[in-house]
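Single-letter residue listing:
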Amino acid sequence: MSGLELRGLQVGYRRRGLPDLRAVDGVDLDVAPGEVVGLVGESGCGKSTLARAVCGLERPTAGTITFDGDAVEPLGLRRRPARLARIQLVFQNPNASLNPRRRVGNQIEDARAIHPAGREHAPSIATLLADVGLDAGVAARYPHEFSGGQRQRVAIARAMAAGPRLLIGDEPIASLDASLQAQVARLLRDVAVGSGAGLLFISHDLSIVRTIADRVAVMRAGRIVEEGPTERVWSAPQDPYTRRLIAAIPVADGLGRLPEVDLG
Amino acid sequence: MSDVLERPGRWTRRLAPRGERSPWRQPLAVLGAVVLVVWLLVAALAPLLAPFDPLEQSGDRLAAPGGAHLLGTDSLGRDVLSRVVFGSRLSIPVAVALVVGCLVVGAVLGALAGYLGGWVDEVVMRVADMVLAFPTIILAMVVAAALGPSLVNAVIAILLVNWPQYARVTRSLVLGAKTREYVVAGRLLGAGPWTSLRRDILPNVAAPVLVLATLDVGSAILVLSGLSFLGLGTVPPTPEWGSMVADGVQQFDAWWIGTSAGLAILSVVAAVNFVGDALRDALDPHTRSTVAGRAL
Amino acid sequence: MSAVRLAVRDLRVELGGTAVLDGIDLDVPAGQVTGLAGESGSGKSMTALAVLGLLPRGGRATGSVRLDGRELLDLPERERNAVRGRHVAMVFQDPAGAFHPLLSIGHQVTDHVRHHLRLTRVQAVERAVDALDRAQVPEPREALRKFPHQFSGGQLQRIAIASAIACEPQVLLADEPTTALDVTVQAGVLRLLRSLSDDLGIATVLITHDLAVMSAVADTVTVLRAGRVVEQGPRFDVLTRPQDPYTRSLIESLPHGGRS
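Caption draft 1: Just the overall build of chain A, in detail. Each helix and strand in chain A was counted, giving nine helices and 10 strands. A compact globule built from 264 residues would reach a C-alpha radius of gyration of about 18 Å, and chain A, at 19 Å, matches this within 12%. Going through the 264 residues of chain A one by one, you find that 52% of them count as buried. Partitioning the contacts of chain A with sequence separation of at least 6, the portion at a separation of at least 24 is 65%.

Structural data, given as structure tokens:
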């Protein structure tokens, strides 16, 4: 089996004086190469914990994570093994995910160094930047010299430089201006799918996920409550929570319709 | 369209105009740098500048400032000005070496404790707590007394009691920094722990530690002089500012002895602090390009 | 047409010698939600701060801001203080940051009420309970005894709104009030804001970059770009027949170009 496979994944935290918190509570999910899966849920539903576990940043309390047939082990203090470095993450806040003291070109170069084809055959920095719509000249700049949207493009270029087979976007558009969100989401899809990688796109915003995902999984309180092809979930949601989620999305149609209120 | 929509926020830029934050526009930083340069020149050219031999009796005892002795003489009739000038050759380099030593030892131990956690953290921080539990000067006295009075031993004593504050600060900064997203991103892109610490973490936590160090230069001079005062540091008749202040305290009527050395210490401490502030700004990546553009 | 509560004319704000707002005109009528749209850095929040007289250091506002005919820009700081929170109230984006973490909700919701309206503690508590009730915070009396961390983000934003309306202000400035909230929670807060205008006649200024939110609650929409008004009009016209190319590009950038 190639791609990402989660089976019965559970991630829990001990809490002092409180029962353990199961942030992720028995999740089965697959992401095949070249496939775009949207993981949608509201704050605290466990979607970011799931992303961190897939990257080896959280230790599962139960269940398995396999990637191209290999088990994903927690990262700890070791160097990340090459086979697992083919899972890459694009973070929510591009202001925080780039080292402020290093030129972006150097940061992309670090990622090229672990490209499976080797540094010589990995795509050049200019190509990587061009893929995300930036000039090669910006490689010499520091992160603070970019706007938020451009910074997220740089972060995407850096993730792609590692030659990933699976790209995870953890709320990659949540801190961007509304006018950029759909654009950057589309870009993420295009570069991932264009390179043959799978994309797990995690977001609270179903209206954007819907425009790029082949499949959508809706997560609530650590569990996936509904999963299916995007258009099916959007037009005929089965789970009551999915229905509420969709009903609550306001539409810019100028009609002044107030979205439905969550009574749950 | 992306061009239209993706200009960097114009306010964020304009709210921090380049010139305003550039350290060399701050008069205090320039003043501090000038004072330090002057002191370095004084130390280097001491034999040429000093009117008398600092160790020889060159006039009446406790002569007031004026005449041949611009800053008067001390209880043994030695020229105070000459002793201040020669004292800079000892006090300034020793203070700087002390601070650098504490900084390196403390920062390395603190960074390891913060990054590795577990038993390394426990051991380093418990030892640091033990040292911090004693008043600095008393512990330094104990160590210096055990090792025997000499300048080198005094330096070792101060090093042993002074590193924990750097270790504490560095540790907490590293703890905060190691979960930052760019550090995690670096790890995901294959950086091992050492690369991560050296490349992504330390440069981003260095500024506050360096500022702490500049603030510490003054207290290093003072602690060293404290030990000298107690007879545990430099051995008389070596000219050293701290022991001159101590001398001045004993000869209270001869105010010029303590005051001259005290003002020398004050000027160095203030100058280092001013430059330290400028250094902090210069280390900020948002202003670095501007600083590099000027004569740094 | 209802009475214009807040009238902004040719408002200019300079910060450190550069103009960040350049000739803003805005009418905020009672009982309506007036939308202020634009991207980060366009001047939406600065407009609100200028109305409140809370410009950052070095900021200077010229032009005119009239509340029920009374010029605010010329007021001395003391009288400005009496207007702030009493006649013009504000709700911020991050509800968690808007409360002092160590003081009880009751303390924070009654403090300004007692100050502005010179009420006793008991009267202020009654007023706060009414306001919390109005903002649909469950069990208002118990809520007053609790602390900020005991509430979810959505509840805290309702409490912040209750606090803002406790002095019965004429104008409410809401700066991205739902941006930090989950979409299912957002819906409820938007309904609440709408009802404050509909039922209490509050003149609301809704500041948001989210045109879908704008479409749901605002009566009129003003689009700002780089400190200038590029488009102004009734909600339906601005969202469906935008005249300015910039507004058009904002709408086209939405998923599905704004259509569902």
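Don't stop here, the text continues.
Caption draft 2: Summary view of the overall build of chain C. When its secondary structure is counted, chain C shows 10 helices and 10 strands. Judged by the C-alpha coordinates and their principal axes, chain C covers about 55 × 45 × 35 Å. Counting across all 260 residues of chain C, residues that qualify as buried make up 50%. Nonlocal contacts in chain C, meaning residues at least 24 apart in sequence, comprise 67% of its contacts between residues at least 6 apart.

Caption draft 3: Structural detail: the interface of chain A and chain B. At the junction of the two partners, chain A supplies 31 residues and chain B supplies 23 residues. Elements supplying a minimum of two residues to the side of chain A that touches chain B: β6 (87-90), α2 (94-97), α3 (104-112), α5 (148-161) and α6 (178-194) of chain A. With three residues, the single largest contributor to the side of chain A that touches chain B is α6 of chain A. The residue makeup of the side of chain A that touches chain B, split by class, is 16 nonpolar, 11 polar and four charged.

Caption draft 4: Broad picture of the domain arrangement of chain C. Residue and element names in this part refer to chain C. Along its sequence, chain C is organised into domain 1 (1-87 + 173-260) and domain 2 (97-168). In this assembly, 11 residues from domain 1 lie in contact with 11 residues from domain 2. Residue composition of the side of domain 1 that touches domain 2, by class: eight nonpolar, two polar and one charged.

Caption draft 5: The arrangement of the sheet that holds strand β9 (residues 215-220) of chain A in detail. Residue and element names in this part refer to chain A. Strand order in the open sheet formed by six strands is β6-β7-β8-β3-β9-β10, and the pairing between neighbours is mixed. A strand with exactly one partner marks an edge of an open sheet, and here the two such strands are β6 and β10 (223-229). Here the average twist between neighbouring strands, direction ignored, is 20°. Across the sheet, α5 touches β6 and β7 (166-170), and the angle it forms with β6 is around 175°.

Caption draft 6: Structural detail: the interface of chain C and chain A. Residue-level contacts link 33 residues of chain C with 29 residues of chain A. Those elements that provide at least two residues to the side of chain C that touches chain A are α7 (183-200), α8 (211-217), α9 (235-240) and α10 (245-252) of chain C. In terms of residues, the side of chain C that touches chain A owes the most to one element, α7 of chain C, which gives nine residues. Along the lines of polarity and charge, the residues of the side of chain C that touches chain A split into 15 nonpolar, 11 polar and seven charged.

Caption draft 7: Spotlight on the sheet that holds strand β5 (residues 70-71) of chain C. All names here are of chain C. What the four strands build is an open sheet, ordered β2-β1-β4-β5; its pairing is antiparallel. The strands lining the two open edges of the sheet, one partner per strand, are β2 (18-29) and β5. Note: strand β1 (residues 4-15) against strand β4 (residues 59-67), eight bridges, orientation antiparallel. Paired with R9 across the bridge in β4 is S64.

Caption draft 8: Up close: the packing of helix α3 (residues 105-117) of chain C against helix α6 (residues 153-165) of chain C. All names here are of chain C. Between α3 and α6, the shortest axis-to-axis distance is 8 Å and the interhelical angle comes to 25°. Between α3 and α6, the angle is such that the two are roughly parallel. On α6, the residues that touch I105, Q108 and V109 of α3 are I159, A162 and S163. Considering only residue class, the contact of α3 with α6 consists of four nonpolar, two polar and no charged.

Caption draft 9: Summary view of the pairing of β6 of chain A. Residue and element names in this part refer to chain A. Across the two faces of β6 the burial is the same, with I87 and L89 and Q88 and V90 all buried. As paired strands, β6 and β7 are joined by four bridges and run parallel to one another. Residue pairing in the sheet places L89 in a bridge with I168 of β7.

Cut-offs applied
Residues numbered from 1 in each chain as written. Chains lettered and ligands numbered in written order. Predicted model: local features only at pLDDT ≥ 70, side-chain atom pairs only at ≥ 80, totals over all residues. Helix = DSSP H or I, 4+ residues; strand = E, 2+ residues; numbered from the N terminus. Rg over C-alpha atoms; globule rule 2.2 N^0.38 Å. Buried ≥ 20, exposed ≤ 12 C-beta atoms within 10 Å, placed from the backbone. Contact = placed C-beta atoms within 7 Å. Nonpolar A, V, L, I, M, F, W, Y, C, P; charged D, E, K, R; others polar. Domains from an automatic or database assignment. Pairing = 2+ DSSP bridges. Axes fitted to C-alpha atoms, helices over the stretch in contact; angles between N-to-C directions. Parallel < 35°, antiparallel > 145°, perpendicular 65-115°, else oblique.

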